[in-house]
Amino acid sequence: MLSPDRIHDIFSRIQMLSSGDEVEAVIAGGCSALTRFANNTIHQNVAEEGYVISIRVAMHGKTARATTNRIDDESLRRAVQSAEQIARVQEPDPDLLPVPAPDEARQPKPVQRHFDATAAVAPEARATAVEQIVAVAKKHKQTTAGIFSSSDHLEALLNSRGVFQVHRQTSAEISVTMLGDDSSGWQKANSPNVANLEPKRLAEIAAEKSARSAHPREVPPGKYTVVLEPAAVLDLLGFMFFDFGGTALLEQRSFLNNRLGAKLFGENITIHDDVYHPLQSGAAFDGEGIPRQRVNLVQNGVVRNLVYSRTTARKIRQSEFAAHLGEVSPTGHGFPLPNEIGDAPMNIVVEGGNGTAKSVEEMVAATERGILITRLWYIREVDPYEKILTGMTRDGTFLIENGKLAGGVRNFRFNQSLIEMLQNVAMLGRPVRASGEESFDMVVPALTVKNFNFTELTKF
């Protein structure tokens, strides 16, 4: 792992090589390892250590970036030259700001996301976990596949005005799929602390879902009450949050255009962006080194705030939106420049039911007739303004009758507006750190949603 002294040395060499007015570098990488298994056996184990140095130069109102994965002088020189050559042929950007100084890019409140036990996970430990997962599969006469990965990663940002931000984090992730003759079950978990992962428990849940959904019956499509487990919730909501950036609003590509301050969702929906939440992960600074703020995005169904990069905050203050947004300042949610996205919240926390939070079992028990959904996949956006999504259920879809699971059903395709979905939330669970396949990890609860729209059955 690169030490702070080594990071400073790399950046010093970059500065000496650059003839630009300003220079910035993002140095990211570390050690990662992956054990992959299928058909009840490990078939791949890989490990690597590597770093990417992303160099941005600014000169005469122009900026450009180039990257290299080598830290010798010649490779750094080529990357700096590439960035400067690209910058020279750009048109000047009237909105380009100087790189921030230390008083603007101050040190954020520290977050503890590095765990020695996770950094020390060895191939033997991952193999032992896979052995436990396979034993569960064999006990249930099923076949399993999945991954167990671990990493020790750092991200550092330095600029020529003296900013130095660094974040070090570990991560461990397990994904398990259990296959029966005509059914499947799935579970996934991710955490900076490997001690929070329970491979055998994940396997048992996935195996039970596969066993209980065997011989799935065919249920006609239509509008149902659904119980969405947290993984399904986050994979749907992930399509919404890039619209909460100020740049999306300015460019008229946000579903919040003409809806600011409106009560879009149900009274029970409150959403924050909070990098400091104990179940969150990631650096507490953004792509320019600005500390991330906790931002209240939605309060009791009403859209309250957006997030902003430095440039976007200035543009918003000079736009017609300023009257609708109140005081606007950078919130620490920008991406490394130059980019096409601008800003977005990436540490989503959806509040649960507080004192009324329900477990998935309680949600099922309160549902007379409906569908329990473990996860979703192949989700695509149909209408970006109404936030209509289409996709399919997968790996554990169950009919609920009279408050009980009545067996597995054939999977559905859905067409559903996220806005309408969040207007129809009847129950919320306790927020948990959830992982899916279509979006970034979030802290979200399970949800009971009325009138969820299934349009057709799939072939499996």
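This one's a predicted model, so the numbers in the text were calculated from it and none came from an experiment.

### Let's talk about the overall build of the chain
A tally of helices and strands in the chain yields 11 helices and 19 strands. Computed over C-alpha atoms, the radius of gyration of the chain comes to 24 Å, within 12% of the 23 Å expected from 2.2 N^0.38 for 460 residues, which places it in the range of a compact globule. For the chain, the spread of C-alpha atoms along the principal axes amounts to about 70 × 55 × 40 Å. Burial analysis of the chain (460 residues in total) assigns 54% to the buried set.

### Some remarks on the environment of Trp-186
With respect to the element layout, Trp-186 can be found in strand β6 (residues 184-191). Trp-186 sits in the buried class, given a relative accessible area of 3%. Residues Trp-186 and Arg-394, spaced 208 residues apart in sequence, show a C-alpha to C-alpha distance of 8.6 Å.

### Some remarks on the sheet that holds β6
The six strands are arranged β3-β2-β1-β4-β5-β6 in an open sheet whose pairing can be described as antiparallel. Looking at strand neighbours, the two that pair on one side only are β3 (62-68) and β6, the edges of this open sheet. Each adjacent strand pair in this sheet contributes to an overall mean axis angle of 15°, direction not counted. Of the pairings in the sheet, the one linking strand β1 (residues 22-38) to strand β2 (residues 41-59) comprises 17 bridges and is antiparallel in character. Directly across from Ala-25, in β2, lies its bridge partner Ile-55. In the packing of helix α1 (residues 4-17) onto the sheet, contacts are made with β1, β2, β4 (143-159) and β5 (164-179), and the angle to β1 comes to roughly 135°. The strands that helix α5 (residues 199-212) touches are β5 and β6; relative to β6, the one it contacts most, it runs at about 155°.

### Observations concerning helix α2 (residues 73-88)
Here α2 is 16 residues long and its end C-alpha atoms lie 22 Å apart, about the 22 Å a rise of 1.5 Å per residue gives. Where α2 is concerned, the buried positions are Ser-75, Leu-76, Ala-79, Val-80, Ala-83, Glu-84 and Ala-87. Viewed end-on, α2 has its buried residues packed into an arc of 165°, placing them on one side of the element. Buried-residue contacts for α2 involve α1, β2 and β3.

### Some points on the packing of aromatic side chains
Enumeration over the complete set of coordinates arrives at nine aromatic pairs. Ring geometry for Phe-242 versus Phe-335: centroids 6.5 Å apart, planes at 15°, classification stacked. Of this pair, Phe-242 sits in the loop between α6 (230-237) and α7 (246-250) while Phe-335 sits in the loop between α9 (322-325) and β11 (348-350), and the two are 93 residues apart along the sequence. The class for Phe-242 is partly exposed, based on a relative accessible area of 30%. Seen in terms of ring centroids, Phe-414 and Phe-452 are 5.5 Å apart; in terms of plane orientation they differ by 50°. Their pairing is tilted. In this pair, Phe-414 is assigned in strand β15 (residues 412-417) and Phe-452 in strand β19 (residues 447-457), connecting sequence segments 38 residues apart. Phe-452 carries the same exposure label as Phe-414, and that label is buried. Its end group placed over the ring of Tyr-276, Lys-109 keeps NZ or CZ at 4.5 Å from the ring centre.

### Observations concerning the packing of α1 against α2
Taken N-terminus to C-terminus, the directions of α1 and α2 make an angle of 50°; their axes are 9 Å apart at the nearest point. Compared by their axis directions, α1 and α2 come out oblique. Crossing of α1 against α2: the hand is right-handed. Here Ile-10, Arg-13, Ile-14 and Leu-17 of α1 lie close against α2, whose contacting residues are Asp-73, Leu-76, Arg-77 and Val-80. Here the residues of the contact of α1 with α2 sort into five nonpolar, no polar and three charged.

### Details of the pairing of β5
In the case of a regular strand, side chains alternate between the two sheet surfaces. Counting buried residues in β5 gives 12 out of 16 residues, a clear majority hidden from the surface. Of the strand pairs in this sheet, β4 and β5 are connected by 16 bridges, and their pairing is antiparallel. In the sheet register, Asp-152 faces β5, and the bridge partner there is Thr-170. Hairpin connection between β4 and β5: a loop of four residues separates the two successive antiparallel strands, and Gly-162 in this loop has a positive phi of roughly 100°.

### Looking at the layout of surface pockets
It is the rolling of a water-molecule-sized probe over the atoms that shows where space remains empty. Computed from the structure, the largest pocket encloses a volume of approximately 1,400 Å³. For the largest pocket, the lining is made up of 45 residues, of which Gln-187, Arg-201, Ile-205, Pro-230 and Val-432 are closest to its centre. Contributing elements (two or more residues each) for the lining of the largest pocket: β6, α5, α6, α10 (360-365), β12 (369-383) and β17 (432-434). Residues belonging to the lining of the largest pocket are distributed by class as follows: 21 nonpolar, 12 polar and 12 charged. Empty space within the second largest pocket amounts to approximately 450 Å³. Along its surface, the second largest pocket is lined by 24 residues, and Asp-93, Thr-311, Lys-315, Leu-337 and Asn-339 are the ones closest to its centre. It is helix α8 (residues 310-317) that provides the largest number of residues to the lining of the second largest pocket, a total of three residues. In terms of residue class, the lining of the second largest pocket is made up of six nonpolar, 10 polar and eight charged.

### Some thoughts on the pairing of β3
Of all seven residues in β3, six are buried, a share of seventy percent or more. Here β2 pairs with β3 via seven bridges, running antiparallel. The partner of Ala-58 across the bridge, within β3, is Thr-63.

Definitions and limits used
- Residues numbered from 1 in each chain as written.
- Predicted model: local features only at pLDDT ≥ 70, side-chain atom pairs only at ≥ 80, totals over all residues.
- Heavy atoms only, no water.
- Helix = DSSP H or I, 4+ residues; strand = E, 2+ residues; numbered from the N terminus.
- Rg over C-alpha atoms; globule rule 2.2 N^0.38 Å.
- Buried < 20%, exposed > 50% of the residue type's maximum accessible area, 1.4 Å probe, protein only.
- Pairing = 2+ DSSP bridges.
- Axes fitted to C-alpha atoms, helices over the stretch in contact; angles between N-to-C directions.
- Contact = heavy atoms within 4.5 Å.
- Expected span 1.5 Å × (residues − 1).
- Arc of directions from axis to C-beta.
- Phe/Tyr/Trp six-rings, centres within 6.5 Å; stacked < 30°, edge-to-face > 60°.
- Lys NZ or Arg CZ within 6 Å of the ring centre and 35° of its normal.
- Parallel < 35°, antiparallel > 145°, perpendicular 65-115°, else oblique.
- Left-handed = near helix turned anticlockwise from the far one by under 90°.
- Nonpolar A, V, L, I, M, F, W, Y, C, P; charged D, E, K, R; others polar.
- 1 Å grid on protein atoms, 1.4 Å probe; cavity = no way out; pocket = protein on both sides within 12 Å on 5 of 7 lines; lining within 4 Å.
- Points joined across faces, edges and corners; volume = space filled by probe spheres on them.

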